[in-house]
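# A look at the structure
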Amino acid sequence: MIEVHEITIKDLDALAAIEARVFRHPWTRNQIAECLYHESVSVNLAVKEDGEIAGYLFALDTGKEAQILNIAVDVPYQHKGFGQELMKAFFKTIEKDSHISLEVRKSNLPAIKLYSDYGFETVGEREQYYPDGEDALVMTKDM
Ligand SMILES: CC(C)(COP(=O)(O)OP(=O)(O)OC[C@H]1O[C@@H](n2cnc3c(N)ncnc32)[C@H](O)[C@@H]1OP(=O)(O)O)[C@@H](O)C(=O)NCCC(=O)NCCS
């Protein structure tokens, strides 16, 4: 069974383990925990299959402005629709007429494809945005 729920502190160890598996420059456990402490302006979602966390999405939502900070699907679960489940669940939490933005590595074609499929358009670039010097694309969507 696939379900999406709000992340709680109990999920922290599992999230940190996935983050370390999935990213070259992973968020630390403390960075992940910080998202959980700002719950009034955060959307922190996990998608589970049969009770196991398959992926997660962290976003900021201050009303009409939202920003996706991080989305990841654990390696064995990738390209099976869990990223799409997270995007759909995230959109349900967002007010009508909101503006959503995000940054993504220029080379991250799977993520760029996912965002494009859900209506995000590239509106700019940030040079050398990432610690290894890679540029970011800025993508936005109006709900
Ligand atoms: C990017 C990511 C979140 C997508 O989640 P996912 O569950 O793998 O994606 P889904 O199965 O929901 O597929 C959504 C779309 O993404 C694209 N996609 C996903 N994996 C892909 C891959 N390996 N190669 C090419 N396209 C891929 C496809 O377009 C897919 O649509 P399709 O199945 O109709 O072709 C996931 O691959 C991931 O965690 N990657 C590593 C972390 C990361 O880069 N996060 C984004 C940071 S900005």
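See above for the structure.
Cut-off values and rules
- Residues numbered from 1 in each chain as written.
- Predicted model: local features only at pLDDT ≥ 70, side-chain atom pairs only at ≥ 80, totals over all residues.
- Heavy atoms only, no water.
- Phe/Tyr/Trp six-rings, centres within 6.5 Å; stacked < 30°, edge-to-face > 60°.
- Buried < 20%, exposed > 50% of the residue type's maximum accessible area, 1.4 Å probe, protein only.
- Helix = DSSP H or I, 4+ residues; strand = E, 2+ residues; numbered from the N terminus.
- Lys NZ or Arg CZ within 6 Å of the ring centre and 35° of its normal.
- Near = heavy atom within 4 Å.
- Polar contact = N/O pair within 3.5 Å; in protein donor to acceptor, adjacent residues only side chain to side chain.
- Areas by Shrake-Rupley, 256 points an atom, 1.4 Å probe, with all protein chains shown as cover.
- Nonpolar A, V, L, I, M, F, W, Y, C, P; charged D, E, K, R; others polar.
- Pairing = 2+ DSSP bridges.

### Description of the packing of aromatic side chains
What the rule picks out here adds up to 8 aromatic pairs. Here the aromatic rings of phenylalanine 90 and phenylalanine 91 are separated by 6.0 Å at their centres, their planes lie at 40°, and the arrangement is tilted. Taking relative accessible area as the criterion, phenylalanine 91 reaches 15% and is therefore assigned buried. Measuring from centroid to centroid gives 6.1 Å for phenylalanine 91 and tyrosine 118, while their planes differ by 45°, and the two rings are tilted. Of this pair, phenylalanine 91 sits in helix H3 (residues 82-93) while tyrosine 118 sits in the loop between helix H4 (109-117) and strand E6 (121-126), placing them 27 residues apart in sequence. Judged by its relative accessible area of 18%, tyrosine 118 is buried. Aromatic rings pair up to connect Phe90, Phe91, Tyr115, Tyr118 and Phe120 into one cluster. Geometry around phenylalanine 91 places lysine 141 over its ring, the cationic atom sitting 5.0 Å from the centre.

### So, the site of the ligand
Among the 21 residues in the neighbourhood of the ligand, the closest are listed as Val73, His79, Gly81, Asn108 and Lys113. Contact between the ligand and lysine 80: an oxygen atom at 3.0 Å from a main-chain N or O atom of the residue. Within the backbone of glutamine 84, one N or O atom sits 2.9 Å away from an oxygen atom of the ligand. Protein burial of the ligand: of its 900 Å² of free accessible surface, 75% is covered by the chains. The element best represented in the shell around the ligand is H4, accounting for 6 residues. When its residues are assigned to classes, the shell around the ligand shows 11 nonpolar, 6 polar and 4 charged.

### Comments concerning the pairing of strand E7 (residues 136-142)
Taken across its 7 residues, E7 has 6 buried, putting it largely inside the fold. Judged from the 5 bridges that link them, E6 and E7 form a sheet pairing that is antiparallel. Within E7, the position partnered with arginine 126 by the bridge is alanine 136.

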